[in-house]
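Okay, here's what each chain looks like letter by letter:
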Amino acid sequence: MTEPDSTYATAAGLLGRITEQLGTQLGHLPLPRPLPRTRPPMTPPTLVAVGHGSRDPRARATLGRLLERVRELRPGLDIRLAHIELNAPLLDATLTELAADGRDAVLVPLLLAPGYHVTHDLPAALAAVPGLRARVAEPLGAHPLLVEALADRLADAGWTPEDGTSRAAGVVLASAGSRDPRSGAELRRIAALLGERLGVVPVVPAYASAAAPTVPEAVRALAARGRHRVAVASCFTAPGLFATRAAAHAPWIASAPLGAHPALARLVLHRYDGALRATTRERELATV
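Worth saying up front: this structure is predicted, and the values here are computed from it rather than measured.

Let's talk about the sheet that holds strand S2 (residues 79-83)
For step 1, the next point in the chain: If you walk across this open sheet you meet the 4 strands as S2-S1-S3-S4, and the pairing is parallel. Since the sheet does not close on itself, it has two edges, and those belong to S2 and strand S4 (134-136), each with one partner. If you compare each strand with its neighbour and ignore which way they point, the axes differ by 25° on average.
For step 2, the next point in the chain: Each of strand S1 (46-51), S2 and strand S3 (105-109) is contacted by helix H3 (residues 91-100), which is oriented at about 140° to S2, the strand it contacts most.
For step 3, the next point in the chain: Most of the contacts of helix H4 (residues 116-127) go to S4, to which it runs at about 175°, and overall it touches S1, S3 and S4.

Structure follows, in structure tokens:
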């Protein structure tokens, strides 16, 4: 063997021994821990906006436009419209479909106060679909966003800031009405908030059915106080029989239903988010 070949052989042998020793040492090292599995992002519950239903074809179209605004505010959220009666899709069918798809849901009532539909019909609809995990959010209710929409609709109808300080002006807050005393209390709170928003004019709640005073009675009560420039504020989410009747009794102006007002769209999401927070708190308490 020549001298270079001998040198190469020695180097090769040394490299082999180093590799063998290194392999032995590495064999005693602990194996690396597998990376934790990342949980797939949770799908938020479906927002089911629940309207009453109406024979007026404008009602369903109006609520559809409202939900388009809600979708613009919360892209990617599954948002569906359902009705208690009269219009498709009906609530029962919507809940059954969600249960079959394995979805959770939050029902947001497109109603103004906690009357019979909110306290009885919606919980009963959920109880009829035991495989569905869902809860009912609060109704739209006395909230600054609702008052913002009411005031804007009055302004659209012709109400001015000067009317808010006029001794001749007054407002009748017209809504559907309910025998549930909680509903009347909520409408009185809405009326008080609207009065604060408009100025110093009185705002009197009135009802299209089931409760007193009626809209004509409220108009006469304001007239007896010297308030002859009376506006009717339509506290309805969409056109329908009650909204039409209430507007017909306005001696001056009547506002349009709230419809697809941007503030109402934000309020729908506010009620949805509030229900989600309540669900999270309940789960946290259950694990304590």
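As for the packing of H3 against H4
For step 1, the next point in the chain: Interaxial distance between H3 and H4 falls to 10 Å at its minimum, and their mutual angle equals 35°. Here H3 runs over H4; the crossing is right-handed. On H4, the residues that touch Leu-91, Asp-92 and Leu-95 of H3 are Leu-122, Ala-125 and Leu-126.
For step 2, the next point in the chain: Grouping the constituent residues of the contact of H3 with H4 by class yields 5 nonpolar, no polar and 1 charged.

Some remarks on the nonpolar core
For step 1, the next point in the chain: Leu-47, Trp-159, Leu-173, Leu-194 and Leu-198 are the most contacted members of the largest nonpolar core, which totals 51 residues.
For step 2, the next point in the chain: The biggest single contributor to this core is helix H9 (residues 262-287), with 8 residues.
For step 3, the next point in the chain: The contacts of Leu-194, once residues within four sequence positions are left out, are Val-147, Leu-150, Ala-151, Leu-154, Val-171, Leu-173, Val-203 and Ala-233.
For step 4, the next point in the chain: Formed by 14 residues, the second largest nonpolar core is a distinct cluster that contains Val-172, Val-230, Val-232 and Ala-246.

Observations concerning the environment of Val-215
For step 1, the next point in the chain: Structurally, Val-215 is set in helix H7 (residues 215-224).
For step 2, the next point in the chain: Classification of Val-215 as buried rests on a relative accessible area of 4%.
For step 3, the next point in the chain: As for Val-215 and Pro-205, which are separated by 10 residues in sequence, their C-alpha atoms are 8.3 Å apart.
For step 4, the next point in the chain: Excluding residues within four positions of it along the chain, Val-215 makes contact with Val-172, Ala-174, Ala-206, Tyr-207, Val-232, Ala-246 and His-249.

Points about the sheet that holds strand S6 (residues 203-207)
For step 1, the next point in the chain: On the basis of which strands lie adjacent, the open sheet formed by 4 strands has the order S6-S5-S7-S8 and parallel pairing. Each having just a single partner strand, S6 and strand S8 (253-254) make up the two edges of the open sheet.
For step 2, the next point in the chain: Here 2 bridges tie strand S7 (residues 229-234) to S8, and the two strands are oriented parallel to one another. Bridge pairing in S8 places Ala-231 opposite Ile-253.
For step 3, the next point in the chain: Each of strand S5 (169-175), S6 and S7 is contacted by helix H6 (residues 181-198), which is oriented at about 145° to S6, the strand it contacts most.
For step 4, the next point in the chain: The sheet contacts of H7 involve S5, S6 and S7, and relative to S5 the element is tilted by about 165°.

Conventions we followed
Residues numbered from 1 in each chain as written. Predicted model: local features only at pLDDT ≥ 70, side-chain atom pairs only at ≥ 80, totals over all residues. Heavy atoms only, no water. Pairing = 2+ DSSP bridges. Helix = DSSP H or I, 4+ residues; strand = E, 2+ residues; numbered from the N terminus. Axes fitted to C-alpha atoms, helices over the stretch in contact; angles between N-to-C directions. Contact = heavy atoms within 4.5 Å. Left-handed = near helix turned anticlockwise from the far one by under 90°. Nonpolar A, V, L, I, M, F, W, Y, C, P; charged D, E, K, R; others polar. Core = buried A, V, L, I, M, F, W, Y, C linked by side-chain atoms within 4.5 Å. Buried < 20%, exposed > 50% of the residue type's maximum accessible area, 1.4 Å probe, protein only.

Nothing here speaks to function; it is geometry throughout.
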